[in-house]
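Structural features, examined
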Amino acid sequence: VQLVESGGGLVQPGGSLRLSCAASGSIFSINAMGWYRQAPGKQRELVAAITSGGSTNYVDSVKGRFTISRDNAKNTVYLQMNSLKPEDTAVYYCNARIKTNPVLYWNDYWGQGTQVTVSS
C-alpha cells in the first residue's frame, strides 16, 4: 500500500493550497483518513480527519479555514487550505487506516510528506 501526496508549495499569507493524497495497492477497505503536520522543533499534530462515512474533525487552529474531503471511489483524501498563515508552515503528512484483507486488522499507513510554506 502506498499513499502519495501532492499539492504542497510556497504561498503568501492569506493564500490557498489544496493537498491531495491517493492510496494505492492491495486495499480491501479504508476507514478514517487524515492529515497531520509537523513544524520544525514541534510534535506532529492532527490537522483534520474524515471517516469513511464523511464525519470530520479539525484542530481548533484551522477550523473555518481548512476543509477535508474524500473521494472513496478514488481512495483519495483532500485538504483545502484557505486563509493560510505563517504558523501553518509545516510538512503535511497523509494518514489512512487500511485493511488489505477482510480478516486482518486495520493498519495505519503514511505518505512521504509534502512541504507547505506560508511566507511573504
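Let me begin by describing the structure that accompanies this report. Values in this document were obtained by computation on a predicted structure and should not be read as measured data.

**Some words on the sheet that holds strand β1 (residues 2-6)**
Pairing within the open sheet is antiparallel, and its four strands lie in the order β1-β3-β8-β7. The sheet is open, and its two borders are formed by β1 and β7 (66-71), each paired with just one other strand. The sheet shows a mean angle of 15° between the axes of neighbouring strands, direction not considered. Sheet topology note: the strand β3 (residues 17-24)/strand β8 (residues 76-81) ladder contains six bridges and is antiparallel.

**Side note on the pattern of salt bridges**
Per the counting criterion, the structure on display carries five salt bridges. With its nearest N and O atoms 3.0 Å apart, the salt bridge here joins Arg37 to Asp88. Residue Arg37 is found in strand β4 (residues 29-38), and its partner Asp88 is found in the loop between β8 and β9 (90-99); the two are separated by 51 residues along the sequence. Among the residues examined, Arg37 registers a relative accessible area of 6% and is labelled buried. On the basis of relative accessible area, Asp88 is assigned to the buried category, the value being 0%. The closest approach of N and O atoms between Asp88 and Arg65, which form a salt bridge, is 2.8 Å. In this pair, Asp88 sits in the loop between β8 and β9 while Arg65 sits in the loop between β6 (56-58) and β7, placing the two residues 23 residues apart along the sequence.

**Comments concerning unusual backbone geometry**
Phi at Asn75 is positive, roughly 50°, even though this residue is not glycine. Tracing the backbone shows Asn75 in the loop between β7 and β8. The backbone of Ser83 shows a phi angle near 50°, a positive value even though the residue is not glycine. When its relative accessible area of 41% is taken as the criterion, Ser83 is described as partly exposed.

**So, the pairing of β1**
Burial along β1 is one-sided: the face carrying Leu3 and Glu5 is buried and the face carrying Gln2, Val4 and Ser6 is not. The pairing of β1 with β3 spans five bridges and is classified as antiparallel. Residue pairing in the sheet places Ser6 in a bridge with Ser20 of β3.

**Details of the side chain of Ser20**
Along the chain, Ser20 falls in strand β3. For Ser20, a relative accessible area of 18% gives the class buried. In contact with Ser20, not counting residues within four places along its chain, are Val4, Glu5, Ser6, Trp35, Val77 and Tyr78.

**Some words on the packing of aromatic side chains**
If you walk through the whole model with that rule in mind, you get one aromatic pair. Between Tyr36 and Trp110 the ring centres are 4.9 Å apart and the planes differ by 65°, which places this aromatic pair in the edge-to-face class. With Tyr36 in strand β4 and Trp110 in strand β10 (residues 107-110), this pair connects stretches of sequence that are 74 residues apart. Overall, the relative accessible area of 23% leaves Tyr36 in the partly exposed class. One residue, Arg18, lies across the ring of Tyr78, its end atom 4.1 Å from the ring centre.

Reading the values: the criteria
- Residues numbered from 1 in each chain as written.
- Predicted model: local features only at pLDDT ≥ 70, side-chain atom pairs only at ≥ 80, totals over all residues.
- Heavy atoms only, no water.
- Pairing = 2+ DSSP bridges.
- Helix = DSSP H or I, 4+ residues; strand = E, 2+ residues; numbered from the N terminus.
- Axes fitted to C-alpha atoms, helices over the stretch in contact; angles between N-to-C directions.
- Salt bridge = Lys/Arg side-chain N within 4 Å of Asp/Glu carboxyl O.
- Buried < 20%, exposed > 50% of the residue type's maximum accessible area, 1.4 Å probe, protein only.
- Contact = heavy atoms within 4.5 Å.
- Phe/Tyr/Trp six-rings, centres within 6.5 Å; stacked < 30°, edge-to-face > 60°.
- Lys NZ or Arg CZ within 6 Å of the ring centre and 35° of its normal.

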